[in-house]
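Residues per chain, in single letters:
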Amino acid sequence: MILIKLGGSVITDKSQYKKFNQDQASRLCREIAESGRSVMIVHGAGSFGHVLAKRYAVQEGLTDFGKVTPAAMVHHDAMELGMLLTSELMKVGIPAASVSPGTCFVMDDGKLIVNDDEAIRRMAHVGIMPVMFGDVVMDRKRGFGIVSGDQLMELMADMFKPDRIVFVSDIDGLYDKNPKTNPDARFIPEVTSEIMDAVDSREDVDDVTGGVRNKMESMLRMCTPERDCVLINGTVPGRLLSLLKGEDVPCTIAKM
Ligand code: IPE
């Protein structure tokens, strides 16, 4: 089985509140179906999550009661995106159920823990793909918090032991500097913990390599001697399909 995260930057337009990128999401679902591979999908919240979560600092938890309504709104919007994506999966013949992570996981002071995973295990067992997503999850100490699709990937990898892990984003992979502001930025096709140390992580590169750096670190944690983790650009038509078919495509591979 291949565990895939469809990033919020590919299935939504991150610059517009609640803008589903239906064409791209539907093409990626078609590529997954066409590959014939057994997969499990997690997705980001994109502009269905980040816009309001940032405006009301929902990730800080229940610091005041004014955060209750925004938390409920972010959860509501994330659920809406979940339904939009599972509709696209159903259209290409993949039986899928959108599952809010808060129904089986809980956080304890920011740490995500499995509360009750029986339902999703049974769902996967009968052939319905449980599709989790970045969402608001209850926290025993902080009231609530935000769980990212990347955190969910680590948990799902532990639970379902995929053979390969793929992060689908809107960039080709990791660079040593922000390629948008540094024409001499070098592309890094293969990353290990040692290489990670040489990647620029200053504030001004937060968008491209800072964000990617966190992702790479979580990807490195998910690598095992038998399993690598790949970051690819899903905005290029056919690239996910080629990767799933085992062809060589431009990407960054994290290896142990
Ligand atoms: C974000 O999840 C969760 C919310 C803001 C509710 P992710 O961090 O995984 O989403 P993307 O992929 O960056 O959009």
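The coordinates are above.
For the structure given in this document, a descriptive report is provided here. (Residues numbered from 1 in each chain as written. Predicted model: local features only at pLDDT ≥ 70, side-chain atom pairs only at ≥ 80, totals over all residues. Heavy atoms only, no water.)

1. Thoughts on the site of the ligand
Residues in contact with the ligand amount to 16 residues; listed here are only the nearest, Lys 5, Gly 8, Gly 46, His 50 and Gly 149. A distance of 2.8 Å is found between an oxygen atom of the ligand and a backbone nitrogen or oxygen belonging to Gly 8. Between the ligand and Gly 149, the relevant distance is 2.6 Å, taken from an oxygen atom to a main-chain nitrogen or oxygen of the residue. A total of 400 Å² of accessible area belongs to the ligand in isolation, and the protein chains cover 90% of it. Class assignment for the residues of the shell around the ligand results in four nonpolar, nine polar and three charged. (Near = heavy atom within 4 Å. Polar contact = N/O pair within 3.5 Å; in protein donor to acceptor, adjacent residues only side chain to side chain. Areas by Shrake-Rupley, 256 points an atom, 1.4 Å probe, with all protein chains shown as cover. Nonpolar A, V, L, I, M, F, W, Y, C, P; charged D, E, K, R; others polar.)

2. Points about the sheet that holds strand S6 (residues 129–133)
An order of S3-S6-S2-S1-S9-S13-S14-S12 is seen for the eight strands of this open sheet, with the pairing classed as mixed. Of all the strands in the sheet, just strand S3 (96–98) and strand S12 (190–191) have a single pairing partner and so form its edges. Where helix H4 (residues 68–91) meets the sheet, its contacts fall on strand S1 (2–6), strand S2 (39–43), S3 and S6, and the angle it forms with S3 comes to roughly 175 degrees. (Pairing = 2+ DSSP bridges. Helix = DSSP H or I, 4+ residues; strand = E, 2+ residues; numbered from the N terminus. Contact = heavy atoms within 4.5 Å. Axes fitted to C-alpha atoms, helices over the stretch in contact; angles between N-to-C directions.)

3. Observations regarding the nonpolar core
Core analysis: the largest hydrophobic core is formed by 66 residues, its most contacted members being Ile 4, Ile 41, Phe 105, Ile 120, Met 132, Val 168 and Ile 232. Here this core gets seven residues from one element, more than from any other, and that element is helix H6 (residues 149–160). Excluding its chain neighbours within four sequence positions, the residues that come into contact with Ile 4 are Ile 32, Val 39, Met 40, Ile 41, Val 42, Met 153, Val 166, Val 168 and Leu 244. Among the nonpolar cores identified, the runner-up in size contains seven residues, and Leu 52, Ala 53, Val 58 and Val 136 belong to it. (Core = buried A, V, L, I, M, F, W, Y, C linked by side-chain atoms within 4.5 Å. Buried < 20%, exposed > 50% of the residue type's maximum accessible area, 1.4 Å probe, protein only.)

4. Some words on helix H2 (residues 22–35)
Look at H2: 20 Å from first C-alpha to last across 14 residues, which is about the 20 Å you get at 1.5 Å a residue. Along its buried surface, H2 packs onto S1, helix H1 (8–11), S2, H4, strand S9 (164–169) and helix H9 (239–244). A positive backbone phi angle near 70 degrees is found at Gly 36, which sits one or two residues after H2. (Expected span 1.5 Å × (residues − 1).)

5. A short note on the pattern of salt bridges
Under the defined criterion, the tally for this structure stands at 15 salt bridges. Among the ionic pairs, Lys 5 bridges to Asp 150, the shortest N-O distance being 2.9 Å. On the criterion of sequence distance, the pair formed by Lys 5 in strand S1 and Asp 150 in helix H6 is long-range, its members being 145 residues apart. When sorted by exposure, Lys 5 lands in the same class as Asp 150, which is buried. The partner of Glu 88 in a salt bridge is Lys 91, and the shortest N-O contact between them spans 3.0 Å. With a gap of three residues between them, Glu 88 and Lys 91 both fall in helix H4, about one helical turn apart. By relative accessible area, which is 5% here, Glu 88 ends up buried. Relative accessible area serves as the criterion here: at 57%, Lys 91 is assigned to the exposed category. One salt-bridge network, in which partners are shared between bridges, spans Lys 18, Asp 77 and Glu 80. (Salt bridge = Lys/Arg side-chain N within 4 Å of Asp/Glu carboxyl O.)

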